[in-house]
Amino acid sequence: MIRVRCLRGGSRGAESAHYLGAMIGRAVAGWVQKTFQSTQAAATAKTSCVAEDDPKDKATDALAEECPVCSYNEWDTLEEVIVGRPENACVPPFTVEVKANTYEKYWSFYQQYGGQRFPKEHVKKAVAEIEEMCNVLRGEGVIVRQPEVIDWSEKYKTPDFESTGMYAAMPRDILLVVGNEIIEAPMAWRARFFEYRAYRPLIKDYFLRGAKWTTAPKPQMSNELYDLDYPILSVEDRHKLAAEGKFVTTEFEPCFDAADFMRAGKDIFVQRSQVTNFLGIEWMRRHLAPTYRVHTISFKDPNPMHIDATFNIIGPGLVLSNPDRPCRQIDVFKKAGWTVVSPPTPLISGDHPLWMSSKWLSMNVLMLDEKRVMVEKNETTIQKMFEKLGIATIKVDIRNANSLGGGFHCWTCDIRRRGTLQSYFD
């Protein structure tokens, strides 16, 4: 016996695993694309019918078949991905929030070049590396899309601050895909205020084809959002302040970077960091409830910013945990039967410029599925670690791209993975 129920939200019209829902979903999606500018079409698309023969039907399977956006974790088979662009990358002005997230050895670099483009020859090499990375992904059967090329050196001004831009190199920082929804993060650096503009053509295309699209509240980024007297003089200071729960961002308004979140089906893990505050975490918790559970975890980290070079979930019941930044809540994973792996010490040379990141980008890997991982070509020790775990390594050299702030996970945002929503902690 087939029962029909109505669902709110036009983007869920493709959820049924049966022919009636699929036919309606395709019809509505096509109609919306042709008449998107019509307010009547937008209103009509908010309600669609789904046919089902059981409350426990395979709705998520149909969602994956019909919607171009569908990803629940970090390891299901990757089918489509956004890869960032190094072109026109600019050094952010050396403001208080930037200083709190960079290492002292590079402060003179920011003081000298803030607001200007990164060294031309270095960016040129990074562009070539990312092009090769895209080619490798295509060779592995993955659809690759990229943001717009924008001049990030242009100055802009809001009622609260002035800045230049930075880049569109790290889609993982600004976009979070949860199911069939793309969430635009509000960000916390003033230099990244308008970064979303590079991704809007892609997001609008996904929306027209059925994806949900949510933009988190954009912060004013006025002085009230930052502790302008944040006292960073040494690594010891950083450790002490982080241990005390003191960060350069205040709780004036919600802010977060998407890269501080790590997905594992119905459970999503997040850290309070220099760029993600508790108000931002609470906004995400309320927004994703009741389907998803957002858990705050913390690390012994003097410079918490973005979770994926500290704690990288690479499979069901399998997580990489940075030995230099131990997780204070690791027993939660161990009690759930998860395997916690400590990656080996990175091999990257100490004199290689890492203006925007740490050496632990070696563990910032991209899973193509449970048995394939994209890993830095020069990091041979972590390659051996993966091989012992039964995971084949796809080796690509992105050393120059590393300098701009990320590894493979940072340089990408997976748009579509072949899988269903599951719980790995029940």
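What counts and what doesn't
- Residues numbered from 1 in each chain as written.
- Predicted model: local features only at pLDDT ≥ 70, side-chain atom pairs only at ≥ 80, totals over all residues.
- Heavy atoms only, no water.
- Buried < 20%, exposed > 50% of the residue type's maximum accessible area, 1.4 Å probe, protein only.
- Helix = DSSP H or I, 4+ residues; strand = E, 2+ residues; numbered from the N terminus.
- Pairing = 2+ DSSP bridges.
- Right-handed = clockwise from strand over helix to strand, strands pointing away.
- pLDDT = per-residue confidence, 0-100.
- Contact = heavy atoms within 4.5 Å.
- Phe/Tyr/Trp six-rings, centres within 6.5 Å; stacked < 30°, edge-to-face > 60°.
- Arc of directions from axis to C-beta.
- Axes fitted to C-alpha atoms, helices over the stretch in contact; angles between N-to-C directions.
- Salt bridge = Lys/Arg side-chain N within 4 Å of Asp/Glu carboxyl O.

## Structural notes on the pairing of strand 8 (residues 181-184)
Moving residue by residue along a regular strand, the side chains alternate between the two faces of the sheet. Taking every second residue as pointing to the same face, both faces of strand 8 are buried, with Glu181 and Ile183 on one and Ile182 and Glu184 on the other. Hairpin connection between strand 7 (residues 175-178) and strand 8: a loop of 2 residues separates the two successive antiparallel strands, and glycine 179 in this loop has a positive phi of roughly 65°. With 4 bridges joining them, strand 8 and strand 9 (residues 212-215) adopt parallel strand pairing. Within the sheet, the bridge partner assigned to isoleucine 183 lies in strand 9 and is threonine 214. Note that the unit made of strand 8, helix 8 (residues 200-208) and strand 9 has a crossover that is right-handed.

## What to know about the confidence of the model for the protein chain
Scored by pLDDT, the protein chain has a mean of 87; 85% of the residues are at 70 or more. Note that residues 1-57 has pLDDT below 50 and, in this model, 77 contacts with residues that lie over four places away or in other chains.

## Points about the packing of aromatic side chains
To describe a pair of aromatic rings, you give the distance between the ring centres and the angle between the ring planes. Scanning the entire structure with this criterion turns up 23 aromatic pairs. Between phenylalanine 207 and tryptophan 213, the ring centres sit 5.9 Å apart and the planes meet at 65°, which makes this aromatic pair edge-to-face. You can call phenylalanine 207 partly exposed: its relative accessible area is 32%. Since its relative accessible area comes to 28%, tryptophan 213 is described here as partly exposed.

## Here's the deal with helix 8
All of the buried residues in helix 8 are Leu202, Ile203 and Tyr206. Taken down its axis, helix 8 places every buried residue within 95° of arc, on the same side. Contact partners of the buried residues in helix 8: strand 3 (77-83), strand 4 (143-145), strand 7, strand 8, strand 9 and strand 19 (412-418).

## Some points on the sheet that holds strand 14 (residues 318-321)
Pairing is mixed across the open sheet formed by 3 strands, whose spatial order is 13-14-15. Edge positions in the sheet fall to strand 13 (311-315) and strand 15 (339-341), since each has one partner strand and no second. Adjacent strand axes in the sheet meet at a mean angle of 30°, parallel and antiparallel pairs treated alike. As paired elements, strand 14 and strand 15 share 3 bridges and run parallel to each other. In the sheet register, leucine 318 faces strand 15, and the bridge partner there is threonine 339.

## Some remarks on the pattern of salt bridges
Two side chains carrying opposite charge are able to pair once their charged atoms lie near each other. In this structure the tally under the stated criterion is 24 salt bridges. In this structure, glutamate 79 engages arginine 416 in a salt bridge whose closest nitrogen and oxygen atoms are separated by 2.8 Å. You can see glutamate 79 sitting in strand 3 and its partner arginine 416 sitting in strand 19, a full 337 residues away along the chain. For arginine 416, a relative accessible area of 16% puts it in the buried group. Residue glutamate 379 pairs with arginine 399 through a salt bridge whose shortest N-O separation is 2.8 Å.

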